[in-house]
Amino acid sequence: MNLNGKIVSPVVFCLAVFLILIEFAFIPYFEQRQLEAIISGEQSELEVLAPIIAEEIIAGDIAKIYSILAQQEKMHADESGAGITLRDASGMQIYPMHDRSAAINKSQDDYRFLTQKVDWGNESIGLLTYGLEIKRELKQVHEQLAWLRIATITLCLVIILVSGWWIRRLIVRQIVQLRDAAQELEKGNYDSALEADTSDEIGDLIRSFNKMRLTIKEKNTNLTAAMLQAEEATKTKGEFLANMSHEIRTPMNAVIGLSFLALETELSSKQRDYLTKIQSSAKNLLGIINDILDFSKIEAGHMEIDHSSFRLDDVLESVCTVIGLKAEEKNLELRIQRDCRIPSNLMGDSLRLTQILLNIANNAVKFTHAGEVSVTARLQAHTGDQVQIRFELKDTGIGMSQDQISRLFSSFSQADASTTRIYGGTGLGLAICKQLSELMDGTIEVHSTPAQGSLFCVTLPFSIDHQSTSTNHHGIFEGKHAEMINCNEQIAETLASFGLKTLNNAPISTNDLDALKEKLQQTSADLLILQDSTSDQHSLLNLINTFHTSVVGEKQIPMLILTSTNNAKAVNNQSESPQVRALSSLVTPSSIFDALAEIMDLVRLCDTQNKTEDLSRQGIDRLLGAHVLLAEDNAINTEVARNMLERLGVNVTTAENGAEAVNKLQNQTVDLVLMDIQMPVMDGYQATQQIRKMPQHSNLPIIALTAHAMKGDREKSLKANMNGHLTKPIDPEELYTELIRWIDPKPERSSAKTEETVRPSALSAYVLPTELPGIDIDSALKRLSYDKALYGSLLTRFFQEQSSTPHVLQDLMQKGDLDSAYALAHKIKGAAGNLGMKNVQGCATALEHALKLDNTEHVDVVREFEAALQEVLLAISQMLETNTVSTPDNINEIETDKVQSLIDTLLPLLNSGDIASLEQSDSLLNQLKDTQYESLASDVRKYTHNFEFEQAASQLSELHLGLE
């Protein structure tokens, strides 16, 4: 019910009550009063008529009497059917002449009889009787009351309508306006002011609303400004964190690394003590800095959870490696186990998982003085492609009370003040663990008892990675039998998952050597697995040596022992047999499998060895003969990418811009496109749109290959209908992974192997120094598969192309051509990254960012960029001056005249696109066979036979330059 109805309803109710009172109280009362008035009136008429009749009776004029009474009856004919009766003193009826008593008696209840004595003087001479018909009188009254009812109801309706209109006008209309204004206020419209027409309470309400509106508008304006400032502060904080993360970690890593190197030299005891303390303090400080930075990232919303493939055993192994040394220093037993039902390959954030486990495990070791620390991964739930894993981290340390647990996950706090003083720390570790767990849609809980230890339970969901290729473990253990002694259920399940058949699980004490010998002599097992946790080190070593010499040696049965850390170390160090191996801390399916494969002398077939740098034959065969279009405007980046691809047997066609790439795809088919983003003429995004419009290339895999590595760049590439995104410097593993992922295998390609496919690295034509200022030679050579000849060639080309860059950049800055300066910085950034010039790459990135923002403070950035570039140019110049070409004994001498003649003949043919160049390129390669220039000659031949005459001419010019 609306407000109008709510206000009018009481009025209607009151009027209804009023009508009810009229109907059941007033109308009966009115009827009674009307009837009494009629009777009184008729009685008065009889009183007036009586003296007149008396005179006529005395006069004896009966006719006159009859005339008077007949006249009276006629006047009241509509009121009564009984009429008037006149009797004399003796009771004899004088009028009328007929007897009316019979008619009156039939309906006596309907009449009221009024009588009046007819007196003459003091003597009664007659009696007048009038029969008043009550029914007729009441009918008349009811007719009058009907009109009264109609009038009353009409009046009530008028009152309701008028009052409703009046109330709506004075109250409801203004309240509705207030409601509409409030709704506009809710939508953010603060300009909807109301006019107060009255000075009553409604007017006061409207005026108060207007004041409130202005107050909200002002506060909302202030709040919006504050939010913008907060967002800007958050953005600034994020940028600050990114910079500080690098700026802080770099010198800290230098301190740690240099102190480590210094400790490897000859030192006095005091110097060694100082350096040890420096290194320990630096590591502690770096840990604190990492915690603070991670916490700040979480608070600022900059912490992102990754979702990539990883192996759980690798995570547990990492935890064991980091925690194991600390546990060993405190003589603690460290146990790490994994449920064999958990799939090996998962999808999730392995880095954050490792961080959580390390943080809790570090605390467990820190607060445990004796006993053990265990990390157990259990499968809690498995639904479809999702698994829920429960990580239980248990220790026998100092424990905590319930009050301490309630404050455990608060930031910058520990269990109590004394703990902070005794053990140190920022109090951020567990707060970060809790927040990371929640970001990963998981939970963390703790159970603890003072002086008995603590149990932390971290439950996290992961997806199963079905795409990761892993070798089946069952094959190498097919038909093998294992004899278990004192093994628990988890070990038995793990062995069964490998395909090993377990004969039994004998509960024999490790101290009962005779029983063990007897058991082994009766078994036909291929392997013995012994689980021991009670024997001391000396007894176990005696048992192993005696047992292996007297029994195992005869039957040559491998033995795997699962025991304590100290016992395992002693067994592995002192056992004389390669078929005896002990495990302690890390007991996962992977570690058990590795140990079994080692002691049983079986080939390791696990997928952990399937690294990209050691690609399987199947993976390489898949790429052999594939055709890739490389769109890249930077010559050095083109050379690096082409070299990586050709080493996999991939045929490469190059394009210097997007338009050229589109044109080449008009007439040829490729298996994949590597597309740079920022190129002249047509950028990578535009080129991709044009390629997608071609029906034959609508599903062609296009991978972005760019120096754009900021947040959102990958999403931008995918939004532009690209299939993937690779950043520069090019990571060979990522490149090979993308190639294998997107290039479909074709049998006809792998069968068409040529001498150009996967050829060995060219012999080095450059003597590279061990180091060059501003250049990370090792990282660059790794990217180029350690092809020194190619690397030297690329450094030379970089020197030739970029020697004038500082002057060009200064000229562009003076002209105000920031767009060209930006393009120049972007171009150098990619090339520098591929060649290991990290400082130049970083300065180019900073310059690119400053120019993009049109930052007025880019003068300092330009100066830093020029200094970094000059440093590497000077280093390359010095290398070129002192460089000599090495000619090993097994390299044939070059017949310069013949080679020069072939070059002179071939170059014009290539420039004109003459197919006669095919035969000439073959001759050139044969002439340079087994020389340091064979690699370049092979490139010339390959490009020529692919009809890529421009690239062939470019390579031929480089060959010519090298010969000179």
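- An unreviewed UniProt entry lists the chain under the name histidine kinase, with Pontibacterium sinense given as the organism.
- Taken directly from UniProt, the Catalytic activity (unreviewed entry) text for the chain runs: "ATP + protein L-histidine = ADP + protein N-phospho-L-histidine."

## Describing the packing of helix 19 (residues 658-667) against helix 20 (residues 684-692)
(1) Moving on: One way to put it is that helix 19 packs onto helix 20 with a least axis distance of 8 Å and a crossing angle of 20°. By the angle between their directions, the pair helix 19 and helix 20 is classed as roughly parallel. Relative to helix 20, the crossing made by helix 19 is right-handed. Across the interface between the two elements, Gly658, Val662 and Leu665 from helix 19 touch Ala687, Gln690 and Ile691 from helix 20.

## Details of the sheet that holds strand 16 (residues 580-583)
(1) Moving on: What the five strands build is an open sheet, ordered 13-12-14-15-16; its pairing is parallel. Looking at the sheet topology across the chains shown, the edges are occupied by strand 13 (501-506) and strand 16. Within the sheet, the average angular offset between the axes of one strand and its neighbour, ignoring direction, is 20°.
(2) Moving on: Sitting on the sheet, helix 12 (residues 489-497) is in contact with strand 12 (481-485), strand 13, strand 14 (527-531) and strand 15 (559-562), with an inclination near 155° to strand 14.
(3) Moving on: Sitting on the sheet, helix 16 (residues 589-599) is in contact with strand 14, strand 15 and strand 16, with an inclination near 170° to strand 16.

## Remarks on helix 8 (residues 350-366)
(1) Moving on: Under the 1.5 Å per step criterion, the end-to-end length of helix 8 is 24 Å for 17 residues, consistent within 8% with the ideal 24 Å.
(2) Moving on: The element helix 8 is extensively covered by neighbouring structure, given that 13 of its 17 residues are classed as buried.
(3) Moving on: If you check the start of helix 8, you find a side-chain oxygen 3.3 Å away from the backbone N of Leu351, and it comes from Asp349.

## Here's the deal with helix 19
(1) Moving on: Extensive coverage of helix 19 is indicated by the burial of seven of its 10 residues.
(2) Moving on: Along helix 19, the residues classified as buried are Gly658, Ala659, Glu660, Ala661, Val662, Lys664 and Leu665.
(3) Moving on: Measuring from the side-chain oxygen of the N-cap residue of helix 19 to the backbone nitrogen of Ala659 gives 3.1 Å; that N-cap residue is Asn657.

## Digging into the nonpolar core
(1) Moving on: Counting 62 residues, the largest nonpolar core has Leu739, Tyr791, Leu795 and Met837 as its most contacted members.
(2) Moving on: For this core, the element with the most residues is helix 29 (residues 858-882), which contributes 10 residues.
(3) Moving on: Counting residues in each nonpolar core, the second largest holds 45 residues, with Phe310, Leu332, Ile405 and Leu460 among its members.

## Some points on the packing of aromatic side chains
(1) Moving on: Scanning the model with the defined rule gives three aromatic pairs in all.
(2) Moving on: Arranged with centres 4.8 Å apart and planes meeting at 85°, the rings of Tyr66 and Tyr95 form a pair that is edge-to-face. With Tyr66 in helix 2 (residues 62-75) and Tyr95 in strand 2 (residues 93-95), the pair connects residues that are 29 residues apart, well separated along the chain.

## What to know about the pattern of salt bridges
Oppositely charged side chains are able to pair whenever their charged atoms sit close together.
(1) Moving on: Under the defined criterion, the tally for this structure stands at 18 salt bridges.
(2) Moving on: Of the charged contacts, one joins Arg407 and Asp403 as a salt bridge, the two residues approaching to 2.6 Å between their closest N and O atoms.
(3) Moving on: By relative accessible area, Asp403 is classed as partly exposed at 48%.
(4) Moving on: The partner of Glu646 in a salt bridge is Lys942, and the shortest N-O contact between them spans 2.3 Å. In this pair, Glu646 is assigned in helix 18 (residues 635-646) and Lys942 in helix 32 (residues 934-945), connecting sequence segments 296 residues apart. An identical accessibility class is assigned to Glu646 and Lys942; each is buried.
(5) Moving on: Overlapping salt bridges bring together Arg378, Arg390 and Glu392 as one network.

## Description of the UniProt feature "transmembrane region" (unreviewed entry) in the chain
(1) Moving on: In this numbering, the UniProt entry assigns the feature "transmembrane region" (unreviewed entry) to residues 6-30 and 146-167.
(2) Moving on: With 100% helix and 0% strand, residues 146-167 has end C-alpha atoms that lie 31 Å from one another.

What counts, and at which threshold
Residues numbered from 1 in each chain as written. Predicted model: local features only at pLDDT ≥ 70, side-chain atom pairs only at ≥ 80, totals over all residues. Heavy atoms only, no water. UniProt positions renumbered as here; feature names shortened; annotations may be inferred. Axes fitted to C-alpha atoms, helices over the stretch in contact; angles between N-to-C directions. Helix = DSSP H or I, 4+ residues; strand = E, 2+ residues; numbered from the N terminus. Parallel < 35°, antiparallel > 145°, perpendicular 65-115°, else oblique. Left-handed = near helix turned anticlockwise from the far one by under 90°. Contact = heavy atoms within 4.5 Å. Pairing = 2+ DSSP bridges. Expected span 1.5 Å × (residues − 1). Buried < 20%, exposed > 50% of the residue type's maximum accessible area, 1.4 Å probe, protein only. Polar contact = N/O pair within 3.5 Å; in protein donor to acceptor, adjacent residues only side chain to side chain. Core = buried A, V, L, I, M, F, W, Y, C linked by side-chain atoms within 4.5 Å. Phe/Tyr/Trp six-rings, centres within 6.5 Å; stacked < 30°, edge-to-face > 60°. Salt bridge = Lys/Arg side-chain N within 4 Å of Asp/Glu carboxyl O.

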